[in-house]
Amino acid sequence: DAMVIQNPRYQVTQFGKPVTLSCSQTLNHNVMYWYQQKSSQAPKLLFHYYDKDFNNEADTPDNFQSRRPNTSFCFLDIRSPGLGDAAMYLCATGGWRETQYFGPGTRLLVL
Amino acid sequence: AQTVTQSQPEMSVQEAETVTLSCTYDTSESDYYLFWYKQPPSRQMILVIRQEAYKQQNATENRFSVNFQKAAKSFSLKISDSQLGDAAMYFCAYGDQTGANNLFFGTGTRLTVIP
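Notes on the structure in this doc start here. Every value quoted in this text rests on a predicted model; they were computed, and no experiment measured them. (Residues numbered from 1 in each chain as written. Chains lettered and ligands numbered in written order. Predicted model: local features only at pLDDT ≥ 70, side-chain atom pairs only at ≥ 80, totals over all residues. Heavy atoms only, no water.)

## Quick word on a nonpolar patch on the surface
A cluster of nonpolar residues, Val12(A), Leu109(A) and Leu111(A), forms a patch on the protein surface that exposes about 290 Å² of accessible area. Residue classification places Leu109(A) among the partly exposed residues on the basis of a relative accessible area of 44%. (Patch = residues over 30% accessible without salt bridge, like charges linked within 9 Å, V, L, I, M, F, W, Y side chains within 5 Å. Areas by Shrake-Rupley, 256 points an atom, 1.4 Å probe, with all protein chains shown as cover. Salt bridge = Lys/Arg side-chain N within 4 Å of Asp/Glu carboxyl O. Buried < 20%, exposed > 50% of the residue type's maximum accessible area, 1.4 Å probe, protein only.)

## Focus: the interface of chain B and chain A
Facing the 20 residues of chain B at the interface are 20 residues of chain A. For the pair chain B and chain A, the summed buried surface comes to about 1,700 Å²; carbon and sulfur atoms form 50% of the total. The tally of links from chain B across to chain A stands at zero salt bridges. Viewed at the interface, chain A and chain B are joined by four residue pairs in polar contact (both at pLDDT 80 or more). Tallying contributions element by element places strand S5 (residues 32–39) of chain B first for the side of chain B that touches chain A, with four residues. Looking at side-chain class alone, the side of chain B that touches chain A contains nine nonpolar, ten polar and one charged residues. (Contact = heavy atoms within 4.5 Å. Buried area = accessible area lost by both parts, 1.4 Å probe. Polar contact = N/O pair within 3.5 Å; in protein donor to acceptor, adjacent residues only side chain to side chain. Helix = DSSP H or I, 4+ residues; strand = E, 2+ residues; numbered from the N terminus. Nonpolar A, V, L, I, M, F, W, Y, C, P; charged D, E, K, R; others polar.)

## Remarks on the nonpolar core
All names here are of chain B. By size, the foremost hydrophobic cluster in this structure holds 25 residues, and its most contacted members are Tyr-25, Trp-36, Phe-75, Leu-77 and Tyr-90. Looking at this core, the elements with two or more residues in it are strand S3 (19–21), S5, strand S6 (46–52), strand S8 (64–69), strand S9 (74–79), strand S10 (88–96) and strand S12 (109–114). Looking at which element gives the most residues to this core, the answer is S10, with four residues. (Core = buried A, V, L, I, M, F, W, Y, C linked by side-chain atoms within 4.5 Å.)

## Thoughts on the side chain of Ser76(B)
All names here are of chain B. Looking at the element boundaries, Ser-76 is found in strand S9. Ser-76 sits in the buried class, given a relative accessible area of 12%. Discounting chain neighbours no more than four positions away, the residues touching Ser-76 are Thr-20, Leu-21, Ser-22, Cys-23, Trp-36, Ser-65, Val-66 and Asn-67.

## Things to note about the state of the cysteines
All told, the structure shown has two disulfides over all chains when counted by the stated rule. Note on cysteine connectivity: Cys23(A) is disulfide-linked to Cys91(A), with sulfurs 1.9 Å apart. Residues Cys23(A) and Cys91(A) are joined through a disulfide that is left-handed, its torsion about the S-S bond being -75°. Within this pair, whereas Cys23(A) is found in strand S3 (residues 19–25), its partner Cys91(A) is found in strand S9 (residues 87–94), the two being separated by 68 residues in sequence. You'll find Cys23(A) and Cys91(A) in the same group, each marked buried. Across a sulfur-sulfur distance of 2.0 Å, Cys23(B) and Cys92(B) are joined as a disulfide pair. Here the disulfide of Cys23(B) and Cys92(B) is left-handed, its torsion about the S-S bond being about -70°. Note that Cys23(B) is positioned in the loop between S3 and strand S4 (24–26) and Cys92(B) in strand S10, a separation of 69 residues in sequence. (Disulfide = S-S within 2.5 Å.)

## Let's talk about the pairing of S9(A)
All names here are of chain A. Most of S9 is tucked away, with eight of its eight residues classed as buried. Neither face of S9 is left uncovered, since the one carrying Ala-87, Tyr-89, Cys-91 and Thr-93 and the one carrying Met-88, Leu-90, Ala-92 and Gly-94 both have all their residues buried. As defined by bridge partners, strand S4 (residues 31–37) adjoins S9 across seven bridges and the pair is classed as antiparallel. Bridge pairing in S9 places Tyr-33 opposite Ala-92. Where S9 lies against strand S11 (residues 106–110), three bridges are found, and the strand directions are antiparallel. Looking at the pairing, Ala-87 lines up with Leu-108 of S11. Summarising the sheet, S9 and strand S10 (residues 101–102) pair through two bridges and their orientation is antiparallel. Counted as the bridge partner of Thr-93 is Tyr-101 from S10. (Pairing = 2+ DSSP bridges.)

## Things to note about the side chain of Gln100(A)
All names here are of chain A. When you line up the elements, Gln-100 lands in the loop between S9 and S10. With a relative accessible area of 1%, Gln-100 lands in the buried category. Within polar-contact distance, the side chain of Gln-100 engages the side chain of Tyr-33 at 3.5 Å. Only 2.8 Å separates the side chain of Gln-100 from the side chain of Tyr-35, close enough to count as a polar contact.

Structure follows, in structure tokens:
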């Protein structure tokens, strides 16, 4: 049974056109994370939510925003996608100081 | 800042044989977690094994085991009786216990299993 669901699995957008990626989890965990993974690289943490508390990594561009309307859902908004934002975006969830469980990812293509 | 180093970009192993993937990390903390995640091609990241730093006993999960050397800051993964389904990218990760368990990943080792 899927524990972390990401939609869509593939997203194509145009340069500068806002895009939203979604993630939901069935584990009822406090923490949700968004990672960016470029080809053949390690995942890089963008930000995380602990409950409703938003925590941005210092080097995450302002172009990336996130929303968490409830425990189960978390959204990644890219306000003005550039070519360099093409990547796999991974959502993960975990309890406080617990193992993180990852979704299948959304592959973003920017034209 | 914590860093995780995987010095083997690629490894290969014959089916049914044993392979060891290396990982070293740098931290000033005494309490942390270490993980090995597997990422098959175009598929999601899956937890392979987890080690708590305060535990001296090495973690094992079926064919997967680790050699955790805390003083040396080394955390290698041994895969026994390798199977074709083990072919994937393997990431070593350090779990930061000072915050919300943020993960710091190594650059990964691509494992090929030869039939």
